[in-house]
Amino acid sequence: MSRALSRLAATGLAAVTASVATLATTGVGTATAGPCSEMFGNFGSLLENQTGAGMAGGSLASLGSGSSGSLGSASRAMGSADRSGSLVQQLETGSLGNGLSGSLNTVTGSVYGMPPWITGEEGTVPVLRGPTQFLQLVTGPTSPTESISRYGVAGTDLGIMWDNGDPTDPQILMAFGDTMGDCTIPGSQWRSNVLFRSPDDDLSDGVTIDSAATGPDGLAKSLVPRSGLPGEVTIIPTAGISVEGVQYLRFMSVANWGQPGSWTTNYSGLAYSTDNGENWTVVPTLARPITSAVPVGEGAPPVDAAWRDSQMSSYLKADDHLYEYLTPSGRQGAAILARVPLAGSPSAEDLDGTDGAPPAAGVLDPAAYRYWDGTDWVVDPGNAEQVLPRPASELSVMWNNYLGKYTAMYSQGFNSVVLRTADRPEGPWTGPTVLVDYSMLPGVYGAFMHPWAQGDDLYYLVTTWNAYNVFLVRTSLSEVFPSTLRRAAAPAGPATSEVIRHVPVSELVDGAVPTE
């Protein structure tokens with residue numbers, strides 16, 4: 001999910017020029033307002049704690065190699081060629097903190113100790129040999145999307161994908177997490193979540209972006225803006241689906257970024273759109289609140305600890321039901337499963353014609369949801385049994401025609417990206433097949449499958465912490481799942497992909513990742 005602190009640094013800095021620039025040469029100004037300032041202020045507290053080197057009152061200050069207010073080590077030179085400071089060495093080696101998730105907060109380092117954007121390096125992309133290959137940078141500098149100049153998206157993550165369900169204009173909608181534009185301006189063009197649209201059905205040469213949900217300024221806009229209240233850091237999308245021409249988005253209200261791989265939430269929320277994702281309406285009655293820190297809205301259910309296991313979601317439509325895989329906030333939990341009948345769900349015309357709260361029907365009826373207890377579907381979510389063991393997070397689930405099975409892809413601790421298969425939505429699921437091993441590529445998270453990828457080649461989006469942007473990745477299923485194993489629905493064993501080299505993002509042409 002969002003790794004608030006250093007991710008925010010990564011994104012805005014890329015927007016200073018139309019390509020990736022190093023902090024040592026960028027020499028950007030001070031951002032005294034907005035999340036860039038806020039998050040760097042938190043990082044400044046870490047520096048002050050460790051070295052006494054503050055950050056000009058928490059502002060971005062001079063991010064280059066200057067001495068006053070820069071992101072400095074004890075020698076105030078983190079953005080320069082001087083790597084001698086003890087804090088720099090701790091952060092770059094990861095010794096300051098445990099880097100399981102790629103998160104950086106007030107007390108820990110990132111997976112590389114420090115993300116490249118902070119230390120004066122530029123992000124890179126791996127060239128892989130084997131069944132899995134990085135194909136294309138989808139967002140950020142050098143991407144063919146031209147996301148910086150077109151939509152003010154210099155850095156972002158996730159890329160949750162679903163079919164918009166429109167037979168006349170089929171598109172894949174992509175929801176992204178914390179998004180930065182230009183950190184040098186007040187507000188830093190920071191948005192909690194944005195949406196792109198793609199009609200591309202041939203992914204062999206990459207994915208093209210046709211449009212985005214935009215605001216009056218032409219930037220990709222927040223679909224569900226954060227409240228601005230002290231108890232809420234950001235709003236992160238976790239799942240999307242189309243039902244009867246209506247787009248639904250599950251999101252989580254993040255209360256606090258904790259240790260790497262850990263964060264806490266206020267509630268899981270639901271919003272719908274009747275205009276292909278351009279504008280969204282929050283449905284308070286479908287919220288799952290676990291704190292009272294942030295008001296959810298009129299009609300919301302009361303705070304209930306039973307919802308702690310249901311803060312992040314993944315959607316699947318199957319056998320006349322909408323299935324929803326649910327996990328706690330963070331990356332340490334197991335997945336449980338809910339479902340609700342699709343029948344009776346309102347159309348876009350139904351919702352546009354409502355005055356006030358939408359009808360409690362179909363997927364919008366909170367009383368119609370049932371939870372799998374291992375044997376049957378029950379009313380009480382507290383009786384739900386896990387369908388995927390911990391650690392499971394940032395789930396993507398869909399039917400795969402090539403395998404003839406349901407597939408679940410997710411982040412699993414050190415394995416980073418794994419795939420399981422099952423004959424039924426509730427399982428039993430096979431053991432995990434590792435597609436991208438954490439040991440060969442630290443800092444990869446959030447793998448989301450492309451719904452139209454139904455052949456031998458499985459396409460999905462991942463985020464790399466190193467570049468803090470989203471990449472299109474391809475895995476050859478015939479290489480990972482030989483036919484004998486496909487018939488047996490068995491795991492295929494360790495992934496055989498290996499990292500050949502890393503290429504600076506700035507050297508990519510139209511975002512294309514080179515082959516060997």
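Described below are features of the structure shown in this document. (Residues numbered from 1 in each chain as written. Predicted model: local features only at pLDDT ≥ 70, side-chain atom pairs only at ≥ 80, totals over all residues. Heavy atoms only, no water.)

A look at the overall build of the protein
When its secondary structure is counted, the protein shows nine helices and 24 strands. By residue count, 60% of the 516 residues in the protein fall in the buried class. Long-range pairs, those at least 24 residues apart, make up 58% of the contacts in the protein with a sequence separation of at least 6. Only carbon and sulfur atoms are counted for the fraction: they give 49% of the accessible area of the protein, which is about 17600 Å². (Helix = DSSP H or I, 4+ residues; strand = E, 2+ residues; numbered from the N terminus. Buried < 20%, exposed > 50% of the residue type's maximum accessible area, 1.4 Å probe, protein only. Contact = heavy atoms within 4.5 Å. Areas by Shrake-Rupley, 256 points an atom, 1.4 Å probe, with all protein chains shown as cover.)

Considerations on the sheet that holds strand β13 (residues 321-327)
The strand order across the open sheet built from five strands is β12-β13-β14-β15-β16, with neighbouring strands paired in antiparallel fashion. Sheet topology places β12 (312-318) and β16 (377-378) at the edges, where each strand pairs with a single neighbour. Alignment of β13 against strand β14 (residues 336-341), held across six bridges, turns out to be antiparallel. Across the sheet, glutamate 324 pairs through a bridge with alanine 338, a residue of β14. (Pairing = 2+ DSSP bridges.)

Here we look at the pattern of salt bridges
Two side chains that carry opposite charge are able to pair once their charged atoms sit near each other. What the rule picks out here adds up to eight salt bridges. Of the charged contacts, one joins aspartate 423 and lysine 405 as a salt bridge, the two residues approaching to 2.8 Å between their closest N and O atoms. Highlighted residues: aspartate 423 in the loop between β19 (417-422) and β20 (433-436) and lysine 405 in strand β18 (residues 405-411), separated in sequence by 18 residues. In this structure lysine 405 comes out as buried when scored by relative accessible area, which is 9%. Among the charged side chains, a network of salt bridges with common partners joins Arg129, Glu498 and Glu516. (Salt bridge = Lys/Arg side-chain N within 4 Å of Asp/Glu carboxyl O.)

Side note on the nonpolar core
Grouped together as the largest cluster of nonpolar side chains are 30 residues, with contacts concentrated most on Phe134, Met409, Val417, Tyr460 and Val462. Elements with a minimum of two residues in this core: β1 (124-129), β2 (132-137), β19, β20, β21 (444-449), β22 (457-464), β23 (469-476) and α8 (477-480). When near neighbours in sequence (up to four residues on either side) are disregarded, valine 462 contacts Phe134, Val417, Val444, Tyr445, Gly446, Ala447, Asn469, Val470, Phe471 and Val473. Formed by 29 residues, the second largest nonpolar core is a distinct cluster that contains Ile160, Leu173, Leu223 and Tyr468. (Core = buried A, V, L, I, M, F, W, Y, C linked by side-chain atoms within 4.5 Å.)

Overview of the sheet that holds strand β5 (residues 194-198)
On the basis of which strands lie adjacent, the open sheet formed by four strands has the order β3-β4-β5-β6 and antiparallel pairing. A single partner strand is all that each edge strand has here, and the edge strands are β3 (158-163) and β6 (211-212). Bridge analysis of β3 against strand β4 (residues 172-176) gives five bridges, and the strand direction is antiparallel. Paired with aspartate 163 across the strands is isoleucine 172, a residue of β4.

Focus: unusual backbone geometry
Trans peptide bonds make up most of the peptide bonds, and negative phi angles are found at most residues other than glycine. The residue after arginine 390, namely proline 391, is reached through a cis peptide bond having omega 0°. With respect to the helices and strands, proline 391 occurs in the loop between β16 and β17 (393-400). Glycine 427 connects to proline 428 through a cis peptide bond whose omega is 10°. Relative to the elements of secondary structure, proline 428 occurs in the loop between β19 and β20. Phi is positive for leucine 158, close to 75°, though the residue is something other than glycine. Mapped onto the elements of the fold, leucine 158 is located in strand β3. On the basis of relative accessible area, leucine 158 is assigned to the buried category, the value being 0%.

Focus: the packing of aromatic side chains
Applying the stated rule across the entire model yields ten aromatic pairs. Between tryptophan 465 and tyrosine 468, the ring centres sit 6.4 Å apart and the planes meet at 70°, which makes this aromatic pair edge-to-face. Residue tryptophan 465 shares its accessibility class with tyrosine 468, and that shared class is buried. An aromatic cluster is built from Tyr151, Phe176 and Phe196, whose rings are joined through pairwise contacts. (Phe/Tyr/Trp six-rings, centres within 6.5 Å; stacked < 30°, edge-to-face > 60°.)

With respect to the pairing of strand β8 (residues 246-257)
Along β8, ten of the twelve residues are buried, which leaves the element largely enclosed by surrounding structure. With nine bridges joining them, strand β7 (residues 234-243) and β8 adopt antiparallel strand pairing. Looking at β8, one finds that isoleucine 235 is bridged to serine 253. Hairpin connection from β7 to β8: two residues lie between these consecutive antiparallel strands, with glutamate 244 at a positive phi of about 55°. Sheet topology places β8 next to strand β9 (residues 263-273); ten bridges connect them, and they run antiparallel. In the sheet register, phenylalanine 251 faces β9, and the bridge partner there is glycine 269. Where β8 folds back onto β9 in an antiparallel hairpin, the turn is made up of five residues, including glycine 261, whose phi is positive at roughly 80°.

Some details on a negative patch on the surface
Taken together, the side chains of Glu244, Asp275, Glu349, Asp350 and Asp352 define an acidic patch exposed on the protein surface. As for its placement among the helices and strands, aspartate 352 is situated in helix α7 (residues 348-352). (Patch = residues over 30% accessible without salt bridge, like charges linked within 9 Å, V, L, I, M, F, W, Y side chains within 5 Å. Lys, Arg positive; Asp, Glu negative; His and termini not counted. Charge placed at Lys NZ, Arg CZ, Asp CG, Glu CD.)

A word on the environment of leucine 337
Within the secondary structure, leucine 337 is located in strand β14. For leucine 337 and proline 381, which are 44 residues apart along the polypeptide, the C-alpha to C-alpha distance reads 9.0 Å. When neighbours within four sequence positions are excluded, leucine 337 is seen to be in contact with Tyr323, Glu324, Tyr325, Arg370, Tyr371, Trp372, Trp377, Val387, Pro425 and Glu426.

Structural notes on the side chain of serine 268
Counting through the fold element by element, serine 268 comes out in strand β9. For serine 268, a relative accessible area of 0% puts it in the buried group. Discounting chain neighbours no more than four positions away, the residues touching serine 268 are Arg250, Phe251, Met252, Leu286, Ala287, Arg288, Ser310 and Gln311.

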